[in-house]
Structure formats: structure tokens, C-alpha cells
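# Structural features, examined
Given next are the chains, with one letter for each unit.
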Amino acid sequence: MPPIRPFLEHLPQCGERVYVDPMAAVIGRVKLADDVSVWPGCVLRGDVNRIEIGARTNIQDGSIVHVTHEGPYTRPGGIPTIVGTDVTVGHGVILHACTIEDACLIGMRASLLDGVTVKRHAFVGAGALVPPGKTVGEGELWLGNPARKVRLLSDREIENLHYSAAHYARLKDRYLGMGVGAVAASSAPR
């Protein structure tokens, strides 16, 4: 089965220099901006709503990205998952119907649930569970289950958020250079 595939009439859209590993699954209403990387074992399933991933963002091994549909017990229109630019999503993360702004880091095995917003330059630590509807503020570090604000990030820690995204953009270029996982730009049928 190819890693990029349609759901009904919706075909994922990929920008330039996107890397999707052959062992990942990107399905349906998913938009990957330029230089996005999706690593082995990831599932991005845009079947009942949309997923948008910003430029230079990396979704690391084993992560799951999904959405919420519109229904009698959900918001009108459901909830998409929107991830900004220069975001690092660590190994085994679950992003479900949430919004992450630019230059954030979501630590390994963290889970962000429906309606969560993570503001710019924030860090959600490894294993954290951010409950539905919570907002992680700009430049904040959140840890725990349920996750809570621990402190503000230092300038050096914020610099590292940018470094992490740039590192993964360089790494995916090495994979593309080996001819692994190259994805041509595409557009969804209307």
C-alpha cells in the first residue's frame, strides 16, 4: 500500500521537498507544506476532517495525527488538526484535533487532545497529557499527566526549538538524496 493515499475524493497535498517515509500513512484531507518530514510508522488520517502541517515541521516515528468529525456531541464543523511551521513532534506523539503554533516542540509520547492549543515557542514535555480544551501559553513548558505549566522557557531553550526543526529539515534532505520516500507535489481533486 502506498504511503500517500486518498480517502473518498480527498487526496493529500504535498509541497516541495516533502519526505514521507514508505512505512508511514498519509490519508485523505492532509496538506503538507514545503520541507515537511513524516517518519516511519506515522499515521496522518484526514478522513473526517482536515490536517494541515506547516513548513519544515517534522512528525517523528510512530506518531498519530487525527481529527474530530462534526456530530451531535462535537463542535459545529468538528475540529481539524493544524500544526504550524518549524514544529518538532517527537516519537510516538498523539495529536488529536488540536492546534500547534510555530516553533514548538512536542515531546516523545505526549498526547494533545481535542481543542488543545499550543502557542508559539512552547514545549510540551515527554509523556505529558494535555487535556481537552487547554491552552499551553507562549514560551511555556508543560509537564505531567494531566500536564500543567512548570515554567517559562529560557532564550537558549527557545533557540533549541528552532534548531530541532532545522536539524530534521536537513536530515530529511539526506533521505531524499538517497531516493527514499520522495514525494512529488500534488493537489487534491476538486
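Scope of this entry: the structure provided in the associated data block. Note on numbering: residues in each chain are counted from 1, in written sequence order. Whole-chain, interface and lining totals are the exception, using all residues; otherwise, since this is a predicted model, local features are given only for residues with pLDDT of at least 70 and side-chain atom pairs are given and counted only at 80 or more. Calculated side-chain values reflect all of the structure's heavy atoms, with hydrogen atoms and water omitted.

With that settled, the discussion passes to the sheet that holds strand β16 (residues 123-124). What links the strands of a sheet is backbone hydrogen bonding, and the strands pair in either a parallel or an antiparallel sense. The eight strands lie next to each other as β3-β5-β7-β10-β13-β16-β19-β20, forming an open sheet whose pairing is mixed. Strands with a single pairing partner mark the edges of an open sheet, and in this sheet they are β3 (19-20) and β20 (147-152). Should DSSP find at least two bridges between two strands, the strands are regarded as paired. Labels follow the DSSP assignment, with helices taken as runs of H or I lasting at least four residues and strands as runs of E lasting at least two, numbered in each case from the N terminus. Across five bridges, the pairing between strand β19 (residues 140-144) and β20 is antiparallel. If you follow glutamate 140 over to β20, its bridge partner there is leucine 152.

On to the pairing of strand β4 (residues 25-32). The rule is simple: take the accessible area with a 1.4 Å probe, protein chains only, and divide by the maximum for that residue type; under 20% is buried, over 50% is exposed, in between is partly exposed. Taken across its eight residues, β4 has six buried, putting it largely inside the fold. Relative to β4, strand β1 (residues 4-5) runs parallel, the two sharing two bridges. Across the sheet, isoleucine 4 pairs through a bridge with valine 26, a residue of β4. As defined by bridge partners, strand β2 (residues 13-14) adjoins β4 across two bridges and the pair is classed as parallel. Bridging across to β4, glutamine 13 finds its partner in lysine 31. Here β4 pairs with strand β6 (residues 43-53) via seven bridges, running parallel. Pairing of isoleucine 27 across the sheet is with arginine 45, part of β6.

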